[in-house]
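Examination of the molecular architecture
Listed here are the chains, written in short residue letters.
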Amino acid sequence: MTISNSDRARILVHALPYIKNYNGKIVVIKYGGNAMINDKLKNSVVRDIVLLSLIGVKVVLVHGGGPEISEMLSKIGKESKFVNGLRVTDTETVEIVQMVLAGKINKNLVNMIECCGGRSIGLSGLDGHMIKAEMKNEELGYVGRITKIDPRPILDVIEKGYIPVVSTLGCDDEGNVYNINADTAAAKIAGALGAESLLTLTDTAGILMDKDDPDTLITKINIEETKKLIEDGVICDGMIPKVECCTNALLDGVKKVFIVDGRIPHSILIETLTDEGIGTMFEMGEHK
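Calculation criteria
- Residues numbered from 1 in each chain as written.
- Predicted model: local features only at pLDDT ≥ 70, side-chain atom pairs only at ≥ 80, totals over all residues.
- Heavy atoms only, no water.
- Phe/Tyr/Trp six-rings, centres within 6.5 Å; stacked < 30°, edge-to-face > 60°.
- Helix = DSSP H or I, 4+ residues; strand = E, 2+ residues; numbered from the N terminus.
- Buried < 20%, exposed > 50% of the residue type's maximum accessible area, 1.4 Å probe, protein only.
- Lys NZ or Arg CZ within 6 Å of the ring centre and 35° of its normal.
- Contact = heavy atoms within 4.5 Å.

**Thoughts on the packing of aromatic side chains**
Across all of its chains, the model carries one aromatic pair by this definition. Ring geometry for Tyr-142 and Tyr-178: centres 5.8 Å apart, planes at 45 degrees, overall tilted. Remark: Tyr-178 occurs in strand E10 (residues 177-179) and Tyr-142 occurs in the loop between strand E6 (131-135) and strand E7 (144-149); sequence separation between them is 36 residues. Given the relative accessible area of 4%, Tyr-178 is considered buried. The positively charged end of Lys-256 is found above the aromatic ring belonging to Tyr-22, 4.8 Å away from the centroid.

**Digging into the environment of Asn-111**
For Asn-111, the position within the fold is in helix H4 (residues 91-115). A relative accessible area of 46% means that Asn-111 is categorised as partly exposed. Taking the C-alpha atoms as reference, Asn-111 lies 9.2 Å from Ile-121; in sequence the two are ten residues apart.

**Re the side chain of Thr-226**
Along the chain, Thr-226 turns up in helix H7 (residues 223-231). A residue is classified by how much of its surface remains accessible, and Thr-226, at 3% relative accessible area, is buried. Discounting chain neighbours no more than four positions away, the residues touching Thr-226 are Ile-221, Ile-235, Val-243, Thr-247 and Phe-282.

Laid out in structure tokens, this is it:
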């Protein structure tokens, strides 16, 4: 499809109020799912992030990397074990997690952003002891529960004009390293930063009344409604912790929270710079 110059101009004019609204504001993007492993989608995400940065949005990219961790463990002959969706993380596994998250994935994302015209610096929750954590339970091993977020390393990087790319590792005062759920970390980081918005990229259209029918997308929902939908079983399985993270981010002061379909190219721009949006928006008050 060919877009005329006048169409391009109209698109830019349409986006102007949104650009004005987000200019100078912090937007946290939790990056995961298919958008991390599909090269076309990965390129789309990175270009969206660079564009937002160039128009004055202070983007913070928070990423996990479950599939690549599993792949690396398989290469060394170690089986991945999960309890209630969380990876059992012994001392050997946490070393692999640190190597993959803070090393390979983080630095590849930094490199991609730089190659697309952005400026980026990679961080992990260990830098400046940004993410303090404690053991969630002994059965899971070194899986962490966040106890404190120190946003200063991220703010320092933003102040210098770079896009922070944060891998979700945590630590305690004894130097133990913990594997942190990326959704949880992104929500806590967004709250600590006083972010304007949090966008969580997923492999679904958002919250659906019928999980098998994308036409049943709920475009706006408030905290009380999420509680009822969880009780009724509409929100279930892996979507429950994502929704809980989104509602916690609102309670921590994040102004706008979204679950966005990361399988759609440029979903970040569609959600932030258009009227319609593309996923589910979470609200504090009663939804009319």
